Amino acid sequence: QVQLVESGGGLVQPGGSLRLACAVSGSMFSRNDMSWYRRAPGKQRELVAAISSGGSTNYVDSVKGRFIISRDNAKNTVYLQMNGLKFEDTAVYYCNRGMMVGTSFLPLPSWGQGTQVTVSS
């Protein structure tokens, strides 16, 4: 059974940085396209960034130039480096496996517990 365990969230001031990590077990990680989503209070879950098995990346416009998605296949882990954080980045962040299709991502139905990111002064 595949497990996704997100970590690295926390409370940070505007302009600060956080690095999220998602450890994946039970799958052929190196063959998976991976993604980070977020759900802000009162909003739908939205795709933030995705990385293909070959290392191609996509970002939602609101985080381009601030966030970087990366992966370490030796550690079965995908990362999200978040810089220049803004109030509107406050959300629960989730990773998932799936399929990158152009600039879109088709996630698989099982999700981890997520990690809370709060940007506040």
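What counts as what
Residues numbered from 1 in each chain as written. Predicted model: local features only at pLDDT ≥ 70, side-chain atom pairs only at ≥ 80, totals over all residues. Heavy atoms only, no water. 1 Å grid on protein atoms, 1.4 Å probe; cavity = no way out; pocket = protein on both sides within 12 Å on 5 of 7 lines; lining within 4 Å. Points joined across faces, edges and corners; volume = space filled by probe spheres on them. Nonpolar A, V, L, I, M, F, W, Y, C, P; charged D, E, K, R; others polar. Buried < 20%, exposed > 50% of the residue type's maximum accessible area, 1.4 Å probe, protein only. Helix = DSSP H or I, 4+ residues; strand = E, 2+ residues; numbered from the N terminus. Pairing = 2+ DSSP bridges.

Colleague: Go over the layout of surface pockets with me, naming the residues and quoting the values.
Modeller: By volume, the largest pocket amounts to about 150 Å³. Lining the largest pocket are R38, R39, A40, K43, Q44, E46, S62, R66, K86, E88, D89 and T90. Taken together, the residues of the lining of the largest pocket break down into one nonpolar, three polar and eight charged.

Colleague: Kindly report on the pairing of strand β7 (residues 67–72), identifying the contributing residues and their values.
Modeller: Burial along β7 is one-sided: F67, I69 and R71 are buried, while I68, S70 and D72, pointing the other way, are not. Two elements, β7 and strand β8 (residues 77–82), share six bridges in a ladder whose sense is antiparallel. Bridge pairing in β8 links R71 to V78. Where β7 folds back on β8, the antiparallel hairpin that results is connected by four residues, among which N76 adopts a positive phi of roughly 50°.

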